[in-house]
Amino acid sequence: MATIYIKYFGAFRNMGTGIALEIPEGTTVAAIKKALWQALGAEHRQLVEDSVLANDTTILSNDATLNTDSSTLVILPPVCGG
C-alpha cells in the first residue's frame, strides 16, 4: 500500500487543506479519484470526476499510475470565468 496526500484547491478548499489516502501501488488516477469522492461523499462525485490531479510538474491523465509511496498530488477543479 502507498500513502498519497491530495492538496485541495478552489472549490475543495471548504473541505480543509487536503486528505491522505491509502491506495495500492500502481493505482490509476481514475481509481484515486474514485477513492477520493468515496471518502468525501457521493455528493462530491461529479466535482471530483470533473477535476484533474497533478503532481509537481504534470497534469495526470486518468490512466496514469502512481508507483511511489508518500506522493503528494493536487486536485484542480474546473474553472469558470467571465
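Everything here concerns the structure above.
Residues numbered from 1 in each chain as written. Predicted model: local features only at pLDDT ≥ 70, side-chain atom pairs only at ≥ 80, totals over all residues. Heavy atoms only, no water.

A. Local environment of the pairing of strand β1 (residues 2-8). Every second residue of β1 is oriented toward a common face, the buried set being Ala2, Ile4, Ile6 and Tyr8 and the non-buried set Thr3, Tyr5 and Lys7. For β1 and strand β2 (residues 18-23), the ladder comprises six bridges, and the chain directions are antiparallel. Across the sheet, the residue bridging to Ala2 is Ile23, located in β2. Sheet analysis places β1 next to strand β7 (residues 71-76), joined by five bridges and oriented parallel. Residue pairing for β7: Ile6 is matched across the bridge by Leu73. (Buried < 20%, exposed > 50% of the residue type's maximum accessible area, 1.4 Å probe, protein only. Helix = DSSP H or I, 4+ residues; strand = E, 2+ residues; numbered from the N terminus. Pairing = 2+ DSSP bridges.)

B. Spotlight on the packing of aromatic side chains. Applying the stated criterion across every chain yields a total of one aromatic pair. The interplanar angle of 25° and the centroid separation of 5.8 Å between the aromatic rings of Tyr8 and Phe12 together place this pair among those described as stacked. When its relative accessible area of 0% is taken as the criterion, Phe12 is described as buried. (Phe/Tyr/Trp six-rings, centres within 6.5 Å; stacked < 30°, edge-to-face > 60°.)

C. Region of the structure containing the environment of Thr28. Counting through the fold element by element, Thr28 comes out in strand β3 (residues 27-28). Remark: the alpha-carbon pair of Thr28 and Thr65, spanning 37 residues in sequence, is separated by 4.2 Å. In contact with Thr28, other than residues within four places in its own chain, are Asn62, Asp63, Ala64 and Thr65. Within the structure, the side chain of Thr28 is placed 3.1 Å from the backbone nitrogen of Ala31, a separation counted as a polar contact. (Contact = heavy atoms within 4.5 Å. Polar contact = N/O pair within 3.5 Å; in protein donor to acceptor, adjacent residues only side chain to side chain.)

D. Expanded view of helix α1 (residues 29-40). With twelve residues, α1 extends 16 Å from end C-alpha to end C-alpha; this agrees with the ideal 16 Å at 1.5 Å per step. Considered for burial, the residues of α1 that qualify are Val29, Ile32, Lys33, Leu36, Trp37 and Leu40. Buried residues in α1, looked at end-on, bunch into an arc of 130°, giving them a common side. Positive backbone phi, approximately 115°, marks Gly41, located one or two places after α1. (Expected span 1.5 Å × (residues − 1). Arc of directions from axis to C-beta.)

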